[in-house]
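Residue-level listing of the chains:
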Amino acid sequence: MSDTVTASATYLRRMGGFSSTLLVVGGVIGAGIFLNPAVVAAHTHSGAQLLLAWVLGGVLTMLGALCFAELGARRPEAGGSYLYIFEAFGPLLAFLFGWTMLIADLPGSLAAVALIFGRYAATAVGLPLHSAPALGSSALVLIALVHARGISTGAALQNVLSLLKLGAVAALAGTGLWLAAPHLPAALATDPGISQPNFALALLPVLFAYGGFAYLNALAGEVRDPLRTLPRALIGGLLLVMLVYVLVNLGYLAALGHAGLARSEAPAAAVMRQAFGPLGERLIAAGIAVSTFGYCAVALGGAARVLQTIAAQGLFFRSLGVLHPRRRTPQRALIVLAGWSIVLALSGSFAWLLNYTTVVDWLGYAATIAALFWYRRRQPGYRGFRTPLYPLEPVVFIALVLVVVVVTVAYSPGNAGMGLLVMLLGLPVYAFWSRRKPA
């Protein structure tokens, strides 16, 4: 077994810095910022502490992004985390994490977010809510078709969607501050209605809302001048997201107050309804639909590159590892992942997958960051981007991941155990394909 992966050698490097940065933004901003702030407020004792949670979550996520920036610059090929774990820890561990991600985690996320898109798109255009599955499935088909045409077409779609979602969150933040900015100081004060704040539980939805920054690494084989572009896009994109998240939460606090935000089931809709009535609800529904559509576009494109890399190594159906000879896209992998996600969405069987794979997903982050130690030892002559203050960032981020895993296991031990079982089910699959693989 070779200790390197070159499955992405035939990809074309056509994605520049602007598109790469917007891809990071599009992969992070989904539905979380429109819904999660209410959960965060319910576990914090003041608006000031709520803002601290969003800033701290961004800073902690940036530690991981800096590590991913160096990993991407060191190995600017398709595959992302799977590639790094493969080279640092071997094919078995990499396959198990890749198996869990591609069978359960990412398709489950795509199915869930596609249905969220369907619900909000139906609300925006006045269709009945039961049309949500059809709308969500149609969105996944459309995204797969666009990605299949080439990275330039896929990046152009993502650029438009990311700019639209930035416009939507800017309008939301601006509306909240315009409505009630004079009341913001009171919203930052201690909220007597929160009797038992729990900052650790407040951080969890914040960290989930910052997830998705690593999708760019999965498409690193198609980034121009990756040694400079990847670090700049990851750092710049995440800084932009942090700014947006803080401004949106300021808007929520100004318009609803800390207590109102903690009680709200749909804070974004509440703010826009307060400002513009029913029209405001439809406008923010359109904004959430655009945002979730954009997330699906990033996630499906990144996941397809991971599946193509695994298949090209002979650890899955080799036909899925083939790129289109002219467009240089993993069209078969796109079709399979979109189809599986649609099946999960239409059957409604994605929720348990997401619950079960949370712990494995975070352990995958830890294994990926740990790979940086291996690369530092094996590539002493590397002259590209280096994570500043190393080894502080990987050590702190891995410790953070372990805390998240412990908290998750403590509150959902059954789901955590089932997630590990899903991962271990990949053992016989790996054994089968590794025996079939040519020597």
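To keep things clear, this report deals only with the structure shown in the data block. (Residues numbered from 1 in each chain as written. Predicted model: local features only at pLDDT ≥ 70, side-chain atom pairs only at ≥ 80, totals over all residues. Heavy atoms only, no water.)

Points about the overall build of the protein chain
- A count of helices and strands for the protein chain gives 18 helices and zero strands.
- Against the compact-globule benchmark of 22 Å for 439 residues, the protein chain has a radius of gyration of 21 Å, which places it among compact chains.
- For the protein chain, the spread of C-alpha atoms along the principal axes amounts to about 70 × 45 × 45 Å.
- Across the 439 residues in the protein chain, those meeting the buried criterion constitute 59%.
- Once local pairs closer than 6 in sequence are excluded, the contacts in the protein chain between residues at least 24 apart make up 83%.
- When the accessible surface of the protein chain is summed, it comes to about 16,900 Å², and 68% of that surface belongs to carbon and sulfur atoms. (Helix = DSSP H or I, 4+ residues; strand = E, 2+ residues; numbered from the N terminus. Rg over C-alpha atoms; globule rule 2.2 N^0.38 Å. Buried < 20%, exposed > 50% of the residue type's maximum accessible area, 1.4 Å probe, protein only. Contact = heavy atoms within 4.5 Å. Areas by Shrake-Rupley, 256 points an atom, 1.4 Å probe, with all protein chains shown as cover.)

So, the packing of aromatic side chains
- Here the structure, examined in full by the defined rule, presents 21 aromatic pairs.
- Ring geometry for F316 against W433: centres 5.8 Å apart, planes inclined by 50°, an arrangement best described as tilted. Placement of F316 in the loop between α13 (278-312) and α14 (331-347) and of W433 in helix α18 (residues 426-436) is noted, with a sequence separation of 117 residues between them. The pair formed by F316 and W433 is uniform in burial state, with each residue classed as buried.
- Through successive ring pairs, a cluster of aromatic residues spans F68, F208, F213, W362, Y365 and F397.
- Above the plane of the ring of Y390 lies R376, whose end atom (NZ or CZ) is 3.8 Å from the centre. (Phe/Tyr/Trp six-rings, centres within 6.5 Å; stacked < 30°, edge-to-face > 60°. Lys NZ or Arg CZ within 6 Å of the ring centre and 35° of its normal.)

What about helix α1 (residues 17-28)?
- The first and last C-alpha atoms of α1 sit 17 Å apart over twelve residues, in line with the 16 Å expected at 1.5 Å per residue.
- The buried fraction of α1 is high, at nine of twelve residues.
- S19, S20, L22, L23, V24, V25, G26, G27 and V28 are the residues of α1 that are buried.
- In this structure, the buried residues of α1 make contact with α7 (151-180), α9 (199-210), α10 (215-218), α11 (226-263) and α13. (Expected span 1.5 Å × (residues − 1).)

Comments concerning the nonpolar core
- Residues F34, W54, L172, F213, L216 and Y245 are the most contacted members of the largest nonpolar core, which totals 137 residues.
- No other element matches α13, which puts 16 residues into this core.
- One finds L344, A345, F350 and V422 within the second-largest nonpolar core, a separate group that totals nine residues. (Core = buried A, V, L, I, M, F, W, Y, C linked by side-chain atoms within 4.5 Å.)

Observations regarding the packing of α7 against α11
- Contact geometry for α7 and α11: axes closest at 7 Å, N-to-C directions at 35°. Like other packed secondary-structure pairs, α7 and α11 cross with a definite hand, here left-handed. Of the residues in α11, those in contact with L166, V169, L172, A173, G176, L177, L179 and A180 of α7 are L240, V244, L247, V248, L250, G251, Y252, A254 and A255. (Axes fitted to C-alpha atoms, helices over the stretch in contact; angles between N-to-C directions. Left-handed = near helix turned anticlockwise from the far one by under 90°.)

Re the environment of G348
- Tracing the sequence through the fold places G348 in the loop between α14 and α15 (351-378).
- Considered as a pair, G348 and S434 are 86 residues apart in the sequence and their alpha carbons are 33 Å apart.

Observations concerning α15
- The end-to-end C-alpha separation of α15 is 40 Å, in line with the 40 Å expected for 28 residues at 1.5 Å each.
- By the largest-angle criterion, T357 marks the main kink of α15, which is about 45°. (Bend = angle between axes of the 7 residues up to and from the residue.)

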